[in-house]
Amino acid sequence: MTNSVTAMRVGVCYKDKAWAVEQIKRMASLINPDAIEQQRDLCVELKDGSYIKGIPCSDSARGHKFNKIYVQRGVNEDFINTVLCPCIITAPRIQMETVDDETGMMYYRGVRL
């Protein structure tokens, strides 16, 4: 039974699908295999209702809801503000937390005003 209140929704926004698949596999390798319900190239679903999902950097990203978003380096800042910011469900705006030079990943989370 899923508990939507405690489920963590993580997005991986990508320009290069192969990059996203690699990052999602890397994240999934850190999760206890017994907790994984289903794993595909661009989505890992956990038994508690949490998931890691890859979304392309395009208008099709609109409407998704995430607690956290990891973004491939080089994504247009305007896209992040107009498309990805509304995808964060935990707060009214987002803030970049870190940049990982090795993976080329930027991490965004919701912040309170």
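Basis of the calculations
Sequence order as written defines the numbering, with residues in each chain counted from 1. Local features in this predicted model are restricted to residues whose pLDDT is 70 or higher, and side-chain atom pairs enter the listing and the counts only when it is 80 or higher, whereas totals over whole chains, interfaces and linings include all residues. Hydrogens are left out, water is left out, and the side-chain values use all remaining heavy atoms of the structure. Side-chain atoms within 4.5 Å link the members of a nonpolar core, which is a set of buried Ala, Val, Leu, Ile, Met, Phe, Trp, Tyr and Cys residues. Buried residues are those whose accessible area, probed at 1.4 Å on protein chains only, stays under 20% of the maximum for their type, while exposed residues exceed 50% and partly exposed ones sit between those limits. Put simply, DSSP H or I for four residues or longer makes a helix, DSSP E for two residues or longer makes a strand, and each gets a number counted from the N terminus. In this analysis, two residues are considered to be in contact whenever any of their non-hydrogen atoms come within 4.5 Å of each other. Here the rule is simple: two strands pair whenever DSSP picks up at least two bridges between them. We count a salt bridge whenever a side-chain nitrogen from Lys or Arg sits within 4 Å of a carboxyl oxygen from Asp or Glu. Comment: arc refers to directions from the helix axis out to C-beta atoms. Each polar contact in these results corresponds to two N or O atoms within 3.5 Å; when the atoms are within protein, one needs to be able to donate a hydrogen and the other to accept it, and residues that are neighboring in sequence are counted only if both atoms are side-chain atoms.

Caption draft 1: View of the nonpolar core. Formed by 15 residues in total, the largest nonpolar core has its most connected members in V12, W19, A20, I24, L42, V44 and I52. Every element with two or more residues in this core is listed here: β1 (9-14), α1 (17-28) and β3 (43-46). A per-element tally of this core places α1 first, with six residues. Those residues in contact with I52, other than ones at most four positions away along the chain, are V10, V12, I24, M27, I31, L42, C43 and V44. Membership of the second largest hydrophobic core comes to 14 residues, among which are C13, I69, V83 and L84.

Caption draft 2: Examining the pairing of β3 more closely. Two elements, strand β2 (residues 36-40) and β3, share four bridges in a ladder whose sense is antiparallel. Bridge pairing links I36 to L46 in β3. The loop that links β2 with its antiparallel partner β3 comprises two residues. Across three bridges, the pairing between β3 and strand β4 (residues 51-56) is antiparallel. The residue of β4 that forms the bridge with E45 is Y51. Where β3 folds back on β4, the antiparallel hairpin that results is connected by four residues, among which G49 adopts a positive phi of roughly 95°.

Caption draft 3: Structural detail: the pattern of salt bridges. For the coordinates displayed, the defined rule picks out two salt bridges. A salt bridge links R40 to E45, with the nearest nitrogen and oxygen atoms 3.2 Å apart. A salt bridge links D59 to R62, with the nearest nitrogen and oxygen atoms 3.5 Å apart. Using a relative accessible area of 55% as the deciding quantity, one classes D59 as exposed.

Caption draft 4: Seen up close, helix α2 (residues 77-84). Among the residues of α2, those classed as buried are F79, I80, V83 and L84. Each buried residue of α2 lies within a common arc of 105° when the element is viewed along its axis, so the set occupies one face. Counted as exposed and oriented over 90 degrees from the buried face of α2: E77 and D78. The backbone nitrogen of D78 has a side-chain oxygen 2.5 Å away, supplied by the residue at the start of α2, namely N76.

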